[in-house]
Amino acid sequence: DLFAGDLARLREKIPYLLDLGVNAVELLPVHAFNEMELYMLDEPRWGLLNFWGYSTLGYFAPNARYASDPTPGAQVREFKEMVRAFHEAGIEVILDVVFNHTGEGNEEGPVYHFKAMADQVFYLKDGKGAYRDYTGCGHTVNTNHPVVQDLIIDALRYWVHEMHIDGFRFDLASVFCRGRSGEVLKHPPVIDRISHDPELRGVKLIAEAWDAVGLYQVGS
């Protein structure tokens, strides 16, 4: 298994990182995702493993195959142990999080959860029922819907409260500024909620301040 033991191997790198003077690490997405998703594609990438983790399936769990122990749930314990080891060394842990799209793709993509539960709630769609794509991944999460806001806030709180994460880097964060029709909102509710949440306002919040169709917001 190419992934097994990654959490433990990160801990082994701590002395090297300290020698470099590193005081914070940012991890690519660690949420549960489908490493085999490229096997479903009818294109030249078919057969490749996905090491990136940007097609999130579960926002409340580390990817199970990063753990050394194959026992279900062991990845949670090992992730906490990894974070604790970094903190004992004086190194903060920041997570790259992906709330702009999920692993469900467009109309031709798989159905895992949100499509089946409440497609019109979780994703931006046009008047004909097609997915609005501001991410380059086939669809866009409807981040300013109250239900989706609750999901995002609950997920972030979980990683801060339970995993003791020090901050987040939000992938394609400008999607947070998109309304139901894709319009740019001057005061996006989800950003206000994250910024003023008592458990989140004290952690580091880093925005990738654009999306895939040109909403460029660096500095704002």
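So, here is what we can say about the structure in this document.

1. Here we look at the pattern of salt bridges
One pass over the structure, following the stated rule, counts 14 salt bridges. A salt bridge links E208 to R169, with the shortest nitrogen-to-oxygen separation between them at 3.1 Å. Here E208, found in the segment after strand 6 (204–207), pairs with R169, found in strand 5 (residues 167–170); they are 39 residues apart in sequence, far enough to count as distant. Each member of the pair, E208 as well as R169, carries the same accessibility label: buried.

2. Points about the side chain of K125
Mapping K125 onto the fold places it in the loop between helix 4 (114–122) and helix 5 (146–161). A polar contact is formed between the side chain of K125 and the side chain of D119, at a distance of 2.6 Å.

3. Section: the nonpolar core
Residues F79, L95, F99, I165, F168, F170 and I194 are the most contacted members of the largest nonpolar core, which totals 42 residues. Elements with a contribution of two residues or more to this core: helix 2 (14–20), strand 1 (24–27), helix 3 (74–88), strand 4 (92–97), helix 4, helix 5, strand 5 and helix 6 (189–196). Per-element accounting of this core gives the leading share, eight residues, to helix 5. With residues near it in sequence (within four places) discarded, F79 still touches L7, L27, V30, P62, L95, W159, M163 and I165.

4. What to know about the environment of A64
Mapped onto the elements, A64 comes out in the loop between strand 3 (56–62) and helix 3. What makes A64 partly exposed here is its relative accessible area of 42%. Between the C-alpha atoms of A64 and P198, which are 134 residues apart in sequence, the distance is 30 Å.

5. A word on unusual backbone geometry
Positive phi, close to 65°, is recorded for H164, a residue that is not glycine. One can find H164 in the loop between helix 5 and strand 5. H164 sits in the partly exposed class, given a relative accessible area of 48%. Even without a glycine there, the phi angle at L172 is positive, about 45°.

6. Comments concerning the pairing of strand 1
Only one face of strand 1 is buried, namely the one carrying V25 and L27, since none of A24 and E26 on the opposite face is buried. Alignment of strand 1 against strand 4, held across four bridges, turns out to be parallel. Its bridge partner lying in strand 4, A24 is registered against E92.

7. A few points about the sheet that holds strand 1
Sheet strands pair by backbone hydrogen bonding; their relative direction is either parallel or antiparallel. As summarised here, the arrangement of the four strands in space is 1-4-5-6, forming an open sheet in which the pairing is parallel. Every other strand in the sheet has two partners, leaving strand 1 and strand 6 as the edge strands with one partner each. Strand after strand, the sheet turns through a mean of 20° between neighbouring axes, direction not considered. With four bridges connecting them, strand 5 and strand 6 associate as parallel partners. By the bridge assignment, R169 is partnered in strand 6 with I206. Running at roughly 135° to strand 4, helix 3 makes contact with strand 1 and strand 4 of the sheet.

8. Focus: helix 5
The terminal C-alpha atoms of helix 5, which comprises 16 residues, lie 22 Å apart, in line with the 22 Å expected from a rise of 1.5 Å per residue. Within the sequence span of helix 5, burial applies to V148, Q149, L151, I152, I153, A155, L156, W159 and V160.

9. Description of the side chain of T140
Structurally, T140 can be placed in the loop between helix 4 and helix 5. At a separation of 2.8 Å, a polar atom in the side chain of T140 contacts the main-chain amide nitrogen of Y134. Residues in contact with T140, not counting those within four places in the same chain, are N100, F122, Y123, L124, R132, D133, Y134, T135 and V175.

10. Thoughts on the environment of S220
In this structure, S220 sits in the segment after strand 6. Of the residues examined, S220 reaches a relative accessible area of 81% and is grouped as exposed. Taking C-alpha positions, S220 is 20 Å from V97, a pair spaced 123 residues apart along the chain.

Reading the values: rules and limits
- Every residue gets a number counted from 1 within its own chain, in the order that chain's sequence is written.
- Only residues with pLDDT of 70 or above have their local features reported here, since the model is predicted, and side-chain atom pairs are shown and tallied only from 80 upward, although totals for entire chains, interfaces and linings are computed over all residues.
- Excluded from the side-chain calculations are hydrogens and water; all other atoms, namely the structure's heavy atoms, are used.
- A pair is scored as a salt bridge if a Lys or Arg side-chain nitrogen falls within 4 Å of a carboxyl oxygen belonging to Asp or Glu.
- Under the scheme used here, helices are H or I runs from DSSP no shorter than 4 residues and strands are E runs no shorter than 2 residues, and both carry numbers assigned from the N terminus.
- Only protein chains enter the calculation, and the probe is 1.4 Å; a residue is then buried if its accessible area is under 20% of its type maximum, exposed if over 50%, and partly exposed in between.
- Here a polar contact means two N or O atoms within 3.5 Å. Within protein one must be a hydrogen donor candidate and the other an acceptor candidate, and residues neighboring in sequence count only if both atoms are side-chain atoms.
- Here, nonpolar core means buried Ala, Val, Leu, Ile, Met, Phe, Trp, Tyr and Cys residues that are tied together by side-chain atoms lying within 4.5 Å of each other.
- Residue contacts are counted whenever heavy atoms from the two residues lie within 4.5 Å of one another.
- Two strands pair if DSSP finds at least two bridges between them.
- To obtain each axis, a line is fitted to C-alpha atoms, and for helices this fit is confined to the stretch in contact; angles are then taken between N-to-C directions over 0 to 180 degrees.
- Under the convention used throughout, the expected extent of a helix is 1.5 Å for every residue step, that is, one less than its residue count.

Shape descriptors only; they carry no functional weight alone.
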